[in-house]
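Now for the letters of each chain:
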Amino acid sequence: MSETRIILAREFLERVRSRSFVLSTLLIPLFTSSIFIIPAMLDGGGGGERRLALVDEAPAGVGDYVVQALSRPPAPEDDDAITYRIERVPGPFASAREALNRRVLAEEIDGYVYLPPDVVESNRITFRARNISNFTVERDIRRAASEAVQVARLRRQGLEVAQVATMLRPVEVGTARVTERGEDAGSAESTFFLAYIVGFLVYFLTFLYGVNVMRSVLEEKTNRIVEVIVSSVRPTSLMLGKILGVAAVALLQVSIWAVLAMAVGSRSEVLAKRVGLPPEALEIHVDPWVIAASVGFFLLGFFLYAALFAAVGAAVNSEQEAQQYQTVVFLPLIASMLFLGPVINDPLGRTATVLGMVPFTAPITMPMRMAAAAVPGVQVAGSLAALAAAMLLVAWLAGKIYRVGILSTGKKPTLRELGRWLRAA
């Protein structure tokens, strides 16, 4: 064990002190958050004033209601709201259309809206602008015109708008998961984000650091450094020390990201507002046992794949050969991400349950299931046991390949030669 501790400390310190570790620890969460936050901060969510012309040939009252709806002041807390300045233009639309197009091109107005005489029956209006990719503007215009037409239809039927609005008021749904410990408050959005983040984090770290193990082994082998190392360290201790050292680096990085996430979570209301989500979408509640089980799945899954990657690095002689094998090794984790939708949407369904019990897909699938629903403890324990057994078996086989392959050079070994290595080691 002293040899393993020495290798572990060397691998850990070498990576933690590297510039790439510091940069990735800071830049990865910064880049991820910037995808959502920076566009909203730079563009203000597309807010500001829009100058629109309105050609009103609709029945009496429809155009007035559209102007009134678009001119409503935004909510005080909505800093990114769009305000509208409406200019009424006399019709008919056919004669005014060319002039309106020229004004749009000259940037005198941002666009124009035409309400035809049969808008109540046809349910169609016309909107023209330089930029029609702003979904908020189109949504506001559609909502204002829809309300105006609905009001006109209700009045034709002799109904009061306020009474109908009261009768049609939507129902608010309070969501919570039912667990053995009681009701766990949270929204569908927060559940989705938590499950997605957990699954992607395990996938990313397993891939990143698993490949690091393979490249470290391959580099020492091609540079012939390993021939000096194995003269004083057993190959099995060398492989185990590398895997444990890299795993410690991954845990340290995740711990730093967790602290940063908790700091950001303290400002969840502001963040949700910036990205256009309801405040409860980022109110994430996680049971301590879920965190502990997720860490267990990550560690066992990492050891499983790191052992495979170490065996690949010992068996091949170049990066090109390693890429061929690493794709095959990583296919189960890729399959786990391909089934992300079914797993999150139905975490207790058959597909999610099967993927959660297969050792090679469980490291990603089971943490996502536990984040999205109350998974029975029997399934969690069974999945962990199966993953631990698979990890021990793979580590034993990988150790055999590692002991022989680490000192083998020349052509790429065939499957038959790998079989001989397993029998000889």
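For clarity, every value in this text was computed on a predicted model and none was experimentally measured.

Draft legend 1. Summary view of the pattern of salt bridges. Following the criterion strictly, the structure yields 14 salt bridges and no others. Residue Arg10 pairs with Glu11 through a salt bridge whose shortest N-O separation is 2.8 Å. Residue Arg10 is classed as partly exposed on the basis of its relative accessible area, which comes to 39%. Residue Glu11 is classed as buried on the basis of its relative accessible area, which comes to 1%. A salt bridge links Glu11 to Arg15; its shortest N-O distance comes to 2.3 Å. Placement of the pair is Glu11 and Arg15 together in helix α1 (residues 2–16), with a separation of four residues, close to one helical turn. Assessed through its relative accessible area of 15%, Arg15 is described here as buried. Each member of the salt-bridge network shares a partner with another, and the members are Arg10, Glu11, Glu14, Arg15 and Lys242.

Draft legend 2. Summary view of a nonpolar patch on the surface. Together, Val22, Leu23, Leu26, Leu27 and Leu30 give the surface a local cluster of nonpolar side chains, amounting to about 460 Å² of exposed area. The residue Leu27 is located in helix α2 (residues 19–43) in this model.

Draft legend 3. Broad picture of unusual backbone geometry. A positive phi is found at Glu107, a non-glycine position, where the angle reads about 65 degrees. Positioned with a positive phi, Asn123 is a non-glycine residue whose angle comes to about 65 degrees. Assignment of secondary structure puts Asn123 in the loop between α5 (119–122) and β4 (126–129). In this structure Asn123 comes out as exposed when scored by relative accessible area, which is 53%.

Draft legend 4. Quick look at the environment of Leu208. Looking at where Leu208 falls in the secondary structure, it is placed in helix α8 (residues 188–222). Sequence separation of Leu208 and Ala250 is 42 residues, and the distance between their C-alpha atoms is 9.3 Å.

Draft legend 5. Broad picture of the side chain of Thr25. Inspection of the secondary structure puts Thr25 in helix α2. Accessibility expressed as a relative area gives 4% for Thr25, which makes it buried. Within polar-contact distance, the side chain of Thr25 engages the backbone oxygen of Phe21 at 2.7 Å. Among the polar contacts listed, one links the side chain of Thr25 to the side chain of Gln253, at a separation of 2.9 Å. Excluding residues within four positions of it along the chain, Thr25 makes contact with Gln253, Ile256 and Trp257.

Draft legend 6. Focus on the packing of aromatic side chains. All told, the structure shown has nine aromatic pairs when counted by the stated rule. Ring centres of Phe93 and Tyr112 lie 6.1 Å apart, and the angle between their planes is 50 degrees; this geometry places the pair in the tilted category. One end of the pair, Phe93, is in helix α4 (residues 93–105); the other, Tyr112, is in strand β3 (residues 111–115), with 19 residues separating them in the sequence. Members of the aromatic cluster, each reached through a chain of ring pairs, are Tyr203, Phe207, Tyr305, Phe309, Phe330 and Phe360.

Draft legend 7. Fine view of the nonpolar core. Counting residues in each nonpolar core, the largest one holds 60 residues, and the members touching the most others are Tyr209, Ile243 and Phe302. Counting only elements with at least two residues in this core, the list comes to α8, α10 (235–265), α12 (288–315), α13 (319–338), α14 (340–345), α15 (350–357), α16 (362–372) and α17 (377–405). Ranked by residues supplied to this core, first place goes to α12 with 17 residues. With residues up to four places along the chain from it excluded, the contact list for Ile243 reads Val213, Phe302, Phe303, Ala306 and Ala307. With 21 residues, the next largest nonpolar core counts Val66, Ile141, Ala144 and Ala148 among its residues.

Parameters and conventions
- Residues numbered from 1 in each chain as written.
- Predicted model: local features only at pLDDT ≥ 70, side-chain atom pairs only at ≥ 80, totals over all residues.
- Heavy atoms only, no water.
- Salt bridge = Lys/Arg side-chain N within 4 Å of Asp/Glu carboxyl O.
- Buried < 20%, exposed > 50% of the residue type's maximum accessible area, 1.4 Å probe, protein only.
- Helix = DSSP H or I, 4+ residues; strand = E, 2+ residues; numbered from the N terminus.
- Patch = residues over 30% accessible without salt bridge, like charges linked within 9 Å, V, L, I, M, F, W, Y side chains within 5 Å.
- Areas by Shrake-Rupley, 256 points an atom, 1.4 Å probe, with all protein chains shown as cover.
- Polar contact = N/O pair within 3.5 Å; in protein donor to acceptor, adjacent residues only side chain to side chain.
- Contact = heavy atoms within 4.5 Å.
- Phe/Tyr/Trp six-rings, centres within 6.5 Å; stacked < 30°, edge-to-face > 60°.
- Core = buried A, V, L, I, M, F, W, Y, C linked by side-chain atoms within 4.5 Å.

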